[in-house]
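Fold and contact review
Chain residues, written in single-letter form:
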Amino acid sequence: MAAPNYKIVPDQSELDAIQRDLSFYPSQTTDPAVLPPDQIEFFNREGYVRPVSVFTRDEVNDIRSYFDDLLEKVIAAGGDSYSISSAHLKYGRVWDILHHPKIVAAVADLLGHNIIGWGSHFFCKMPHDGKQVAWHQDSSYWPLSPSKAVTVWLAIDDVDGENAPMRFIAGSHHKGHLTYRPSSSEEHNVLSQTIEDPEQYGEIVENWLEAGQVSLHSDLLLHGSEANESDRRRCALTLRYAAADVRAHLEWNQKGVWVQGEDPTGHWANNPRPEQD
């Protein structure tokens with residue numbers, strides 16, 4: 001595969017130049033494959049669904065062992081526990097997880113039949129690493145329009161109140177695109193944006209999951225996580241999906257994989273499974 005031309009993190013000026021529709025599009029599914037109708041109603045109202053059990057303990061233990069080996073190689077090459085991004089374009093095992101039938105079916109229940117998988121990033125908070133993920137909306141970072149995208153958060157380690165769970169602001173996806181400021185160095189933010197006073201937009205909900213379970217949330221939902229001050233690691237694989245009619249600017253369509261249905265316009269790439277596992 002040719003070297004990608006897209007930027008991993010676009011410049012803010014580039015994003016500001018794009019006319020984006022950042023409105024929430026509720027699920028219209030009436031005959032869901034995986035999610036019960038009440039969960040789809042909950043997603044439309046609150047902006048997230050959890051937990052959805054996907055992998056057995058043995059299966060997730062195997063995924064964890066795979067990630068442990070991969071992380072060791074990345075760190076040896078000069079990276080860190082947050083460096084493994086766009087992993088589905090590099091590693092066959094991640095490409096396989098992106099295509100997992102139950103995950104894709106749950107996403108399709110929220111976004112419709114034609115689904116593109118375009119992102120995959122390990123967020124691994126090591127014990128006492130001192131880094132937070134400040135309150136943000138995924139849509140602020142992505143040159144996508146309209147805002148018909150979902151993040152699947154796969155717990156590779158058990159996550160609870162002790163080891164810095166992801167936190168949602170329930171219902172905040174209805175507030176539109178929220179004002180943020182650039183994060184300061186003192187925040188030790190893994191990302192680069194901070195939305196202040198999140199409680200004004202709704203109730204804080206902690207996303208506790210057992211390893212092998214996933215949550216799904218709208219790209220407009222306000223979320224973040226504190227630094228992991230515990231003695232336990234907290235690793236997750238984020239998988240990013242969009243409806244096929246979403247347009248990706250700044251050549252982000254090159255990241256695409258058709259995980260279900262088709263892309264009638266041919267806008268998105270359909271990258272093959274990487275040979276390297």
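Note that the coordinates shown come from a computational prediction; the quantities given were computed from them, not determined experimentally. (Residues numbered from 1 in each chain as written. Predicted model: local features only at pLDDT ≥ 70, side-chain atom pairs only at ≥ 80, totals over all residues. Heavy atoms only, no water.)

**Let's talk about the pairing of strand β12 (residues 234–243)**
In terms of burial, β12 is largely enclosed, as ten of its ten residues are buried. The alternating pattern of β12 places R234, A236, T238, R240 and A242 and C235, L237, L239, Y241 and A243 on opposite faces, both of which are buried. Relative to β12, strand β2 (residues 115–125) runs antiparallel, the two being bridged by ten bridges. Note on β12: the bridge partner recorded for F122 is L237. (Buried < 20%, exposed > 50% of the residue type's maximum accessible area, 1.4 Å probe, protein only. Helix = DSSP H or I, 4+ residues; strand = E, 2+ residues; numbered from the N terminus. Pairing = 2+ DSSP bridges.)

**Focus: the pattern of salt bridges**
In the structure shown here, the tally under the stated rule is 15 salt bridges. E196 is the salt-bridge partner of R181, the closest N and O atoms lying 2.6 Å from each other. In this pair, R181 sits in strand β7 (residues 181–182) while E196 sits in the loop between β8 (193–194) and β9 (204–206), placing the two residues 15 residues apart along the sequence. Residue E196 is classed as partly exposed on the basis of its relative accessible area, which comes to 43%. Overlapping salt bridges bring together R64, D68, D157 and R233 as one network. (Salt bridge = Lys/Arg side-chain N within 4 Å of Asp/Glu carboxyl O.)

It is worth stressing that arrangement in space is one thing and function is another; only the former is reported here.
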